Amino acid sequence: MARSSLTREEVLAAAAGLVRQHGPQTLTMRKLAAELGTAVTSIYWHVGNRESLLDALVERTVQEMGTLRPTGRVPATRIVSVARGLRRELRARPHLIAMVHERGLTERMFLPAQQALAHEVHAAGLRGARAAAAVRAVQFHTVGFLLVERNRERSPVQSPAEGDLWSVSTADDDPALARALARPADPDRLFVTSVRALVDGLLTGGTTSGGTAE
């Protein structure tokens, strides 16, 4: 029995869920109607045709990416929190982000995160070109890290594996380094370590206190 109290937001949320799981190429109006337990005509009534649905999903994704809010007491900590949030949100919706990119809306999507970063680097005492460089450095680092992360996740099984390649001799006679590099990387920890180091370097010399991450 078809649902009678369906809303446009419920349709978009269900469609976004299907795209997240399987990609936009598998999204059909019939599959979406089945997911919602309604008639295909009801889907068309709420969102129009499939192309209109995809456009609405892109707009919804852009709006969702604008909800990042920094946390922490000092600018450096808040900048790191924006970077962590940006990575988290990008990782959560790769297919939807790709749709945004294909429609030429990537810069608009990143604007809220850039504005949040700009506010925090201003609070740390940076202005002008130096502030712009800091905003872009954090954004580029976050996106670049994510691209490398995705590539490693999708790469075929390596033989020899990374852990097989490290020994005292390949680690410049540093046994502790060899042992550490032989273990699998922890992407979350590595991201926080690297972005904190980047932010600390960018904010060095700012005119206000609070230039180091907590």
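Whatever comes next refers back to the structure up there.
The structure reproduced in this document is the subject of the present report.

So, how was this worked out
Residues numbered from 1 in each chain as written. Predicted model: local features only at pLDDT ≥ 70, side-chain atom pairs only at ≥ 80, totals over all residues. Heavy atoms only, no water. Helix = DSSP H or I, 4+ residues; strand = E, 2+ residues; numbered from the N terminus. Buried < 20%, exposed > 50% of the residue type's maximum accessible area, 1.4 Å probe, protein only. Contact = heavy atoms within 4.5 Å. Axes fitted to C-alpha atoms, helices over the stretch in contact; angles between N-to-C directions. Parallel < 35°, antiparallel > 145°, perpendicular 65-115°, else oblique. Nonpolar A, V, L, I, M, F, W, Y, C, P; charged D, E, K, R; others polar.

**Topic: the environment of Ala176**
Phase 1 of the analysis: Among the secondary structure elements, Ala176 is positioned in helix α10 (residues 175–182).
Phase 2 of the analysis: Of the residues examined, Ala176 reaches a relative accessible area of 43% and is grouped as partly exposed.
Phase 3 of the analysis: Considering only alpha carbons, one finds Ala176 and Glu102, 74 residues apart in sequence, at a separation of 45 Å.

**Regarding the side chain of His46**
Phase 1 of the analysis: With respect to the helices, strands and loops of the structure, His46 is situated in helix α3 (residues 40–47).
Phase 2 of the analysis: By relative accessible area, which is 16% here, His46 ends up buried.
Phase 3 of the analysis: Setting aside residues up to four positions removed in sequence, His46 forms contacts with Leu6, Thr7, Arg8 and Val11.

**Here's the deal with the packing of helix α1 (residues 8–22) against α3**
Phase 1 of the analysis: Running from N to C, α1 and α3 point in directions that differ by 105°, and their axes come no closer than 9 Å. Put simply, α1 runs roughly perpendicular to α3. Across from Arg8, Val11 and Leu12 in α1, the residues of α3 making contact are Ile43, His46 and Val47.
Phase 2 of the analysis: Residues that form the contact of α1 with α3 fall into these classes: four nonpolar, one polar and one charged.

**Some thoughts on unusual backbone geometry**
Phase 1 of the analysis: The peptide bond linking Ser159 to Pro160 adopts the cis configuration, its omega dihedral lying at 5°.
Phase 2 of the analysis: Here Pro160 lies in the loop between α8 (128–154) and α9 (162–165).
Phase 3 of the analysis: The phi angle at Asp172 is positive, at roughly 60°, despite the residue not being glycine.
Phase 4 of the analysis: Relative to the assigned elements, Asp172 resides in the loop between α9 and α10.
Phase 5 of the analysis: Judged by its relative accessible area of 68%, Asp172 is exposed.
Phase 6 of the analysis: Positive phi, normally seen in glycine, also occurs at Asp173, with a value near 60°.
Phase 7 of the analysis: For Asp173, the location among the structural elements is in the loop between α9 and α10.
Phase 8 of the analysis: Judged by its relative accessible area of 62%, Asp173 falls in the exposed class.

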